[in-house]
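For reference, the chains in residue letters:
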Amino acid sequence: MKNRFALGTLAAAVALMSNAAVAAQEVTVYTAFETDILAKYKNAFEAENPGITIKWVRDSTGIMTAKLLAEKANPQAEVVWGLAGSSMALLKNEGILQPYTPQGLDQLRASLNDPQQQQAWYGNDAFFNAICFNEVVAQQHNLSKPESWEDLTKPEYQGHIAMPNPASSGTGYMQVSAWLQNMGDEQGWDYMARLDDNIAHYTHSGSKPCVQAAMGEVAIGISMASRGAKLKTQGAPIKVITPEGIGWESEAVGLVKPSEAAQRVVDWSISKAANELYVEMYPVVGHVDVKAEVANFPDVEAKMAEMDFARMGDERAVVLKDWSDRFDAKSEPKS
């Protein structure tokens, strides 16, 4: 009887130790996903992967990219999930992302994934820019509705426009890249100089200009189309406008420190279940079988700029330094 009790006690202790070991599998995930969706993704992953927990480290795209580059010699992240494709291309070139073929790759849209050999990153969704235009504020200030990027340089909009700082926001950088790639360098910088005359301030968040437009703090926010659609659905008095040549990019996932737990995070992030969460906010996602209509989301496909993501990654440091030298004086203080 004593032996049986002792064996039972030992088995229980081993089980507790085993459970503790499993529970200790915390995966550090660097992300630029919007803060309000992190808990949903974490909870869904952990429900399907008991014994593995996600520890999010979140900041805007530019800051997160700089952090990963600064930590190159001693990486702290195990997975990068929800970072712009251009940043992922740069991280791969720097040897920070490790080549990995996740389970379920054959179910993804190839156009959103790493186009090079030894693939290291995979698109979760595609996100797009737009103009969030507050019709109530516009009426108060007698502002006409803009139809093109050039319209935003009209004197009537002076002090009425907010835009993300491209050095700290991927939303901002992809629009700057779209202007430079589609207008040409000389005309693109000239356009941004004229636009700067009308800018009230540059934000450090890609969604904030649209939030500010929805709240009436500015009339116009150059921002994320998905955020504009969401705010309009919630009742904000805004119109979501897509001029010709809107910037766009994919948000992607990649492996930094290979381990079974980290690989399971990457695998799950491209799964159909994960994509069914992405599509609640983004109408274009990585999984070929996941589609949805997003209320008030504008028609983006006809207005998409031609984007070279490899060029975006290669030119990032030079473009951002040039932009900061010219326009950073109007940036909001960093919190």
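Only a predicted model underlies this, so the values are computations on that prediction, with no experimental measurement involved.

## Looking at empty space enclosed by the protein
Picture a little ball the size of a water molecule; that probe, rolled over the atoms, points out where space is still empty.
Here is step 1 of the chain: A complete count under the given rule lists 2 cavities of 30 Å³ or more for this structure.
Here is step 2 of the chain: Of the voids in this model, the largest cavity is the one considered here, and its volume is about 130 Å³.
Here is step 3 of the chain: Lining the largest cavity are 16 residues, and of these A32, E34, R58, T61 and T171 sit closest to its centre.
Here is step 4 of the chain: Tallied by class, residues from the lining of the largest cavity come to 4 nonpolar, 9 polar and 3 charged.
Here is step 5 of the chain: Of the voids in this model, the second largest cavity is the one considered here, and its volume is about 40 Å³.
Here is step 6 of the chain: If you go around the second largest cavity, the residues you meet are Y173, S177, L180, Q181, R311, M312, E315 and V319.
Here is step 7 of the chain: When contributions to the lining of the second largest cavity are tallied by element, the ones reaching two or more residues are helix 6 (170-183) and helix 12 (309-327).
Here is step 8 of the chain: Taken together, the residues that form the lining of the second largest cavity break down as 4 nonpolar, 2 polar and 2 charged.

## Observations regarding helix 6
Here is step 1 of the chain: An ideal rise of 1.5 Å per residue puts 20 Å on 14 residues; helix 6 measures up with 19 Å between its terminal C-alpha atoms.
Here is step 2 of the chain: Within the span of helix 6, buried status applies to G170, T171, G172, Y173, M174, Q175, V176, S177, A178, W179, L180 and Q181.
Here is step 3 of the chain: For helix 6, the N-terminal capping position is held by S169, with its side-chain oxygen 3.2 Å away from the main-chain nitrogen of T171.
Here is step 4 of the chain: Directly after helix 6, the chain includes G184, whose backbone phi takes a positive value near 95 degrees.

What counts and what doesn't
Residues numbered from 1 in each chain as written. Predicted model: local features only at pLDDT ≥ 70, side-chain atom pairs only at ≥ 80, totals over all residues. Heavy atoms only, no water. 1 Å grid on protein atoms, 1.4 Å probe; cavity = no way out; pocket = protein on both sides within 12 Å on 5 of 7 lines; lining within 4 Å. Points joined across faces, edges and corners; volume = space filled by probe spheres on them. Nonpolar A, V, L, I, M, F, W, Y, C, P; charged D, E, K, R; others polar. Helix = DSSP H or I, 4+ residues; strand = E, 2+ residues; numbered from the N terminus. Expected span 1.5 Å × (residues − 1). Buried < 20%, exposed > 50% of the residue type's maximum accessible area, 1.4 Å probe, protein only. Polar contact = N/O pair within 3.5 Å; in protein donor to acceptor, adjacent residues only side chain to side chain.

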